[in-house]
Amino acid sequence: MGEHHYYLYIVTNKQKNMLCIDVTTNLKHRIYEHEVGLIKGFSKKYYTHFLVYYEHFTKVGEAMERESVIKHWRSDKKKELIESTNPTWNFLNEEIKRKL
């Protein structure tokens, strides 16, 4: 049985002032869905199409628990998390498309 892949990720809008946090099993495809506006609700309304942070998990429960924890953080703590691996808030969409 192969290893499972789950990704907690954070996307933002062009102005970098809105954050959307979610979990997926296919980060490359999910980023595509964000880019073309297939993700309904918050993401579509605020144009959160740009990946700025992600974490990889092999257990869905761990990914979901991490998502729940981060969603309850204040904005400044979420920004600190992003900046811990992406200090200049580079959009990682193309990197993920090449990497995964």
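Use the structure listed above.
Here the structure is a predicted model, which means the values were calculated and not measured. (Residues numbered from 1 in each chain as written. Predicted model: local features only at pLDDT ≥ 70, side-chain atom pairs only at ≥ 80, totals over all residues. Heavy atoms only, no water.)

Asker: Talk me through the environment of tyrosine 6; I want residue IDs and the actual numbers.
Answerer: The topology assignment puts tyrosine 6 in strand β1 (residues 6–12). Once the C-alpha coordinates of tyrosine 6 and threonine 24 are considered, the two residues, 18 residues apart in sequence, prove to be 5.7 Å apart. In contact with tyrosine 6, not counting residues within four places along its chain, are Thr24, Thr25, Glu55, His56, Phe57, Thr58, Lys59, Val60 and Ala63. (Helix = DSSP H or I, 4+ residues; strand = E, 2+ residues; numbered from the N terminus. Contact = heavy atoms within 4.5 Å.)

Asker: Could you give an account of the packing of aromatic side chains, with specific residues and numbers?
Answerer: Enumeration over the complete set of coordinates arrives at 2 aromatic pairs. Summarising the aromatic geometry, the rings of phenylalanine 50 and phenylalanine 91 are spaced 4.2 Å apart at their centres and angled 20 degrees between planes, so their arrangement reads as stacked. Here phenylalanine 91 lies in the loop between α4 (75–85) and α5 (93–99) and phenylalanine 50 lies in strand β3 (residues 50–57), a separation of 41 residues in the sequence. Overall, the relative accessible area of 23% leaves phenylalanine 50 in the partly exposed class. (Phe/Tyr/Trp six-rings, centres within 6.5 Å; stacked < 30°, edge-to-face > 60°. Buried < 20%, exposed > 50% of the residue type's maximum accessible area, 1.4 Å probe, protein only.)

Asker: Explain the side chain of threonine 48 to me, using residue names and the numbers behind them.
Answerer: Relative to the elements of secondary structure, threonine 48 occurs in the loop between α2 (42–46) and β3. Residue classification places threonine 48 among the buried residues on the basis of a relative accessible area of 0%. There is a polar contact of 2.8 Å between the side chain of threonine 48 and the side chain of serine 43. Excluding residues that lie within four positions of it along the chain, threonine 48 makes contacts with Val11, Thr12, Asn13, Met18, Cys20, His34, Phe42 and Ser43. (Polar contact = N/O pair within 3.5 Å; in protein donor to acceptor, adjacent residues only side chain to side chain.)

Asker: Would you mind going over the sheet that holds strand β2 (residues 19–24) in detail, with residue names and values included?
Answerer: In space, the 3 strands of this open sheet follow the order β2-β1-β3, with antiparallel pairing throughout. Single-partner strands in this sheet number two, and they are β2 and β3. Adjacent strand axes in the sheet meet at a mean angle of 20 degrees, parallel and antiparallel pairs treated alike. Helix α3 (residues 60–71) rests against β1, β2 and β3 of the sheet, and its axis sits at about 170 degrees to β2. In this fold α4 packs onto β1, β2 and β3, with an angle of close to 80 degrees to the strand it touches most, β3. (Pairing = 2+ DSSP bridges. Axes fitted to C-alpha atoms, helices over the stretch in contact; angles between N-to-C directions.)

Asker: How would you summarise α4 if you had to cite specific residues and measurements?
Answerer: One full turn of an α-helix is made of 3.6 residues, so residues set three or four places apart face in the same direction. Those residues of α4 that fall on the buried side of the exposure criterion are Lys78, Leu81 and Ile82. For α4, the arc enclosing every buried residue in end-on projection is 95 degrees, short of the 170-degree limit, so these residues lie on one face. Residues Glu80 and Ser84 are exposed on α4 and point more than 90 degrees away from its buried face. Taken together, the buried residues of α4 touch β1, β2, β3 and α3. (Arc of directions from axis to C-beta.)

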